[in-house]
Amino acid sequence: GVSDGRDRLDIHELINLHGHLMDEGEFGRLGELFTEDVVYDLSAFGGGLLRGPAAVAEAGRALGDGNPLAHHVTTVVVVEIAGDRARARSKGLAVMSSGAAGSVVYDDELRRTGRGWRIAARRVLPRTAPLRPSG
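Note that the coordinates shown come from a computational prediction; the quantities given were computed from them, not determined experimentally. (Residues numbered from 1 in each chain as written. Predicted model: local features only at pLDDT ≥ 70, side-chain atom pairs only at ≥ 80, totals over all residues. Heavy atoms only, no water.)

1. Some points on the side chain of D7
Along the polypeptide, D7 turns up in helix α1 (residues 2–23). Taking relative accessible area as the criterion, D7 reaches 9% and is therefore assigned buried. One polar contact links D7 to W117, side chain to side chain, over a distance of 3.2 Å. (Helix = DSSP H or I, 4+ residues; strand = E, 2+ residues; numbered from the N terminus. Buried < 20%, exposed > 50% of the residue type's maximum accessible area, 1.4 Å probe, protein only. Polar contact = N/O pair within 3.5 Å; in protein donor to acceptor, adjacent residues only side chain to side chain.)

2. Details of the packing of aromatic side chains
According to the stated counting rule, one finds one aromatic pair in the structure shown. When the centroid spacing of 5.7 Å and the interplanar angle of 90 degrees are considered together, the rings of F34 and Y40 count as edge-to-face. There is no split in this pair, since F34 and Y40 are both buried. Seen from the ring of Y106, R122 lies directly overhead, with NZ or CZ sitting 4.0 Å from the centre. (Phe/Tyr/Trp six-rings, centres within 6.5 Å; stacked < 30°, edge-to-face > 60°. Lys NZ or Arg CZ within 6 Å of the ring centre and 35° of its normal.)

3. Some remarks on the pairing of strand β5 (residues 101–113)
Pairing of strand β4 (residues 85–95) with β5, which is carried by eleven bridges, proceeds in the antiparallel orientation. Residue pairing across strands places R89 opposite D107, the latter belonging to β5. Between β4 and β5, which pair antiparallel and follow one another directly, the connecting turn spans five residues, one of which, G99, has a positive phi of 100 degrees. The hairpin turn running from β5 into strand β6 (residues 116–126), its antiparallel successor, is two residues long. (Pairing = 2+ DSSP bridges.)

4. Looking at the pattern of salt bridges
Where charged atoms from two side chains of opposite charge approach closely, those side chains can pair. Under the criterion given, the structure shown has ten salt bridges. Here D4 makes a salt bridge to R8, at a shortest N to O gap of 3.0 Å. Here the residue D4 and the residue R8 both occupy positions in helix α1, the gap between them amounting to four residues, near one helical turn. A salt bridge links D37 to R111, with the nearest nitrogen and oxygen atoms 2.8 Å apart. In this pair, D37 sits in strand β1 (residues 34–41) while R111 sits in strand β5, placing the two residues 74 residues apart along the sequence. With relative accessibility at 47%, the residue D37 sits in the partly exposed group. Within the structure, one salt-bridge network assembled from shared partners comprises R87, R89, D107 and R123. (Salt bridge = Lys/Arg side-chain N within 4 Å of Asp/Glu carboxyl O.)

5. With respect to the environment of M22
Within the element layout of this structure, M22 appears in helix α1. The buried category is assigned to M22, whose relative accessible area is 14%. It is 24 Å that separates the C-alpha atoms of M22 and R85, two residues lying 63 residues apart in sequence. Those residues within four positions of M22 in sequence are excluded, and the remaining contacts are F27, L30 and H71. (Contact = heavy atoms within 4.5 Å.)

6. Here's the deal with the nonpolar core
Judged by nonpolar contacts, the single largest core of 25 residues is most densely connected at I11, L30, F34, Y40 and L110. The element best represented in this core is α1, accounting for five residues. (Core = buried A, V, L, I, M, F, W, Y, C linked by side-chain atoms within 4.5 Å.)

7. Quick notes on the environment of G116
Turning to its location among the elements, G116 is positioned in strand β6. Take G116: its relative accessible area is 26%, and that puts it in the partly exposed class. With 102 residues separating them along the chain, G116 and L14 place their C-alpha atoms 9.3 Å apart.

Taken by themselves, the reported measurements are silent on function.
Written out as C-alpha cells, the structure reads:
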C-alpha cells in the first residue's frame, strides 16, 4: 500500500544517508541513522561489536585518515517490513585515498522510532570472492 511505499522510500533514504555522513565526518549526526542501542557488527573484519552511535563515531574518529575517501552505498533492497521493524540489504563500495577499493554488504535490521526509521543492527560483510555469499 501507500504507507509501505513511503516506508520503503524512507528506509532507502536512511541507508543512503550513511555514506554522506561518514564521508563528511559528520559523526555528531549518527543519531539520525542509528537507534541509541544500535549494534554495529564488524566481526567479519576483526572489529567486534560497536554498541551505540557514540561507539561507531569513536571508531570512525580513531581511523582518521585510514577511513575511506568515499562510501558509495548502493543496491538497497528492503527485504521485509513488519509493523515497526524492517530488514534491508545494501552494498557499500569503499574508495580509499590510495585508489584501492573494496566492497561490502550491509545487512540491516531497522526499527521505526518517534523520529522515523533507524538502523538498530548492522552486520558489515566483506565481498571476498565472486559468485559466493558475502561474509
